[in-house]
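Fold and contact review
What follows is each chain in one-letter form.
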Amino acid sequence: MSGSYAFGNAVGYSSTAKSGIMEDLGLSLAEYAVFASIMTVGGMLGAVFSGKVADLVGRRGAMGISEIFCITGWLAIAFSKDALWLDLGRLLVGCGAGVLCYVDPMYVAEITTKNVKGAFTSLNIFLQLMLCCGKALMFVVGSLINWRTSALIGHFF
């Protein structure tokens, strides 16, 4: 469930951080557009490999690997000095989110008992709600604080 919330934070981050990132790093609009959209590429890459990763290390292991990607990505964004590190961090966050989108619902379905499995697996609506809450909260918080601070708390908020 918290994976969907963290994914919402990542989606909402780029809009409030735009002016600060462009000003601090001297990015052009095209360079910022790459940063804003590269998370989608990372999400596709993470989704492609998520099934294999989940089979190799299990669902919980795949969630742990996803967290490593996300944390590393947020740290790369927060401490970036140029567009390359910024884009690499966003790509890593996308890879982690792509794995989570596959593994989270599957893990929930596997750990629930038979009598409540239907109720818990139908929580996909709740997962979408958590994504929207993460996005909305990042819009509010991101407009109040520095983009680097926002990146540092983006995954842990």
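Notes on the structure follow. (Residues numbered from 1 in each chain as written. Predicted model: local features only at pLDDT ≥ 70, side-chain atom pairs only at ≥ 80, totals over all residues. Heavy atoms only, no water.)

Looking now at the pattern of salt bridges. Where charged atoms from two side chains of opposite charge come close, those side chains can pair. Per the counting criterion, the structure on display carries 2 salt bridges. One salt bridge connects D55 with R59, and the closest N-O pair in it is separated by 3.5 Å. Taken as a pair, D55 and R59 lie in helix α2 (residues 29–78) at a separation of 4 residues, close to a single helical turn. Overall, the relative accessible area of 18% leaves R59 in the buried class. With its nearest N and O atoms 3.1 Å apart, the salt bridge here joins E110 to R59. On the criterion of sequence distance, the pair formed by E110 in helix α3 (residues 83–111) and R59 in helix α2 is long-range, its members being 51 residues apart. Residues participating in the shared-partner salt-bridge network are D55, R59 and E110. (Salt bridge = Lys/Arg side-chain N within 4 Å of Asp/Glu carboxyl O. Helix = DSSP H or I, 4+ residues; strand = E, 2+ residues; numbered from the N terminus. Buried < 20%, exposed > 50% of the residue type's maximum accessible area, 1.4 Å probe, protein only.)

A few words now on the side chain of S150. Inspection of the secondary structure assignment puts S150 in helix α6 (residues 147–154). Assessed through its relative accessible area of 1%, S150 is described here as buried. Those residues in contact with S150, other than ones at most four positions away along the chain, are Y13, M138, G142 and I145. (Contact = heavy atoms within 4.5 Å.)

This paragraph deals with the packing of α2 against α3. The contact between α2 and α3 brings their axes to 5 Å, and the two run at 35°. Tallied by class, residues from the contact of α2 with α3 come to 29 nonpolar, 12 polar and 8 charged. (Axes fitted to C-alpha atoms, helices over the stretch in contact; angles between N-to-C directions. Nonpolar A, V, L, I, M, F, W, Y, C, P; charged D, E, K, R; others polar.)

The next point concerns a nonpolar patch on the surface. Together, V41, M44, L45, V48 and F49 line one region of the surface with nonpolar side chains, adding up to about 490 Å² of accessible area. Mapped onto the elements of the fold, M44 is located in helix α2. (Patch = residues over 30% accessible without salt bridge, like charges linked within 9 Å, V, L, I, M, F, W, Y side chains within 5 Å. Areas by Shrake-Rupley, 256 points an atom, 1.4 Å probe, with all protein chains shown as cover.)

Helix length check: α3 (29 residues) gives 41 Å between terminal C-alpha atoms against 42 Å at 1.5 Å per residue, within 8%. Approximately 30° is the largest bend angle found in α3, and it occurs at L100. (Expected span 1.5 Å × (residues − 1). Bend = angle between axes of the 7 residues up to and from the residue.)

Across soluble globular proteins, you tend to see nonpolar side chains buried next to one another. Core analysis: the largest hydrophobic core is formed by 18 residues, its most contacted members being Y13, I21, I77, L86 and W147. Of all the secondary structure elements, the ones that give two or more residues to this core are α1 (2–25), α2, α3 and α6. No other element matches α2, which puts 6 residues into this core. Setting aside its immediate chain neighbours within four residues, I21 contacts Y13, G26, L27, Y32, F35, L86 and W147. Counting residues in each nonpolar core, the second largest holds 6 residues, with A54, A62, M63 and V99 among its members. (Core = buried A, V, L, I, M, F, W, Y, C linked by side-chain atoms within 4.5 Å.)

On inspection of all chains with the given rule, the structure shows 3 aromatic pairs. Ring centres 6.4 Å apart and planes at 75° place the aromatic pair Y13 and F35 in the edge-to-face group. Of this pair, Y13 sits in helix α1 while F35 is found in helix α2, placing the two residues 22 residues apart along the sequence. Residue F35 is classed as buried on the basis of its relative accessible area, which comes to 0%. Each ring, one from Y32 and one from F35, has its centre 5.4 Å from the other, and the planes form 50°; the classification is tilted. Of the two residues, Y32 and F35 both sit in helix α2, 3 residues apart, roughly one turn of that helix. F35 carries the same exposure label as Y32, and that label is buried. Taken together through their ring pairs, the aromatic side chains of Y13, Y32, F35 and W74 make up a single cluster. R90 extends its terminal NZ or CZ atom over the ring of F35, reaching a point 5.2 Å from the ring centre. (Phe/Tyr/Trp six-rings, centres within 6.5 Å; stacked < 30°, edge-to-face > 60°. Lys NZ or Arg CZ within 6 Å of the ring centre and 35° of its normal.)

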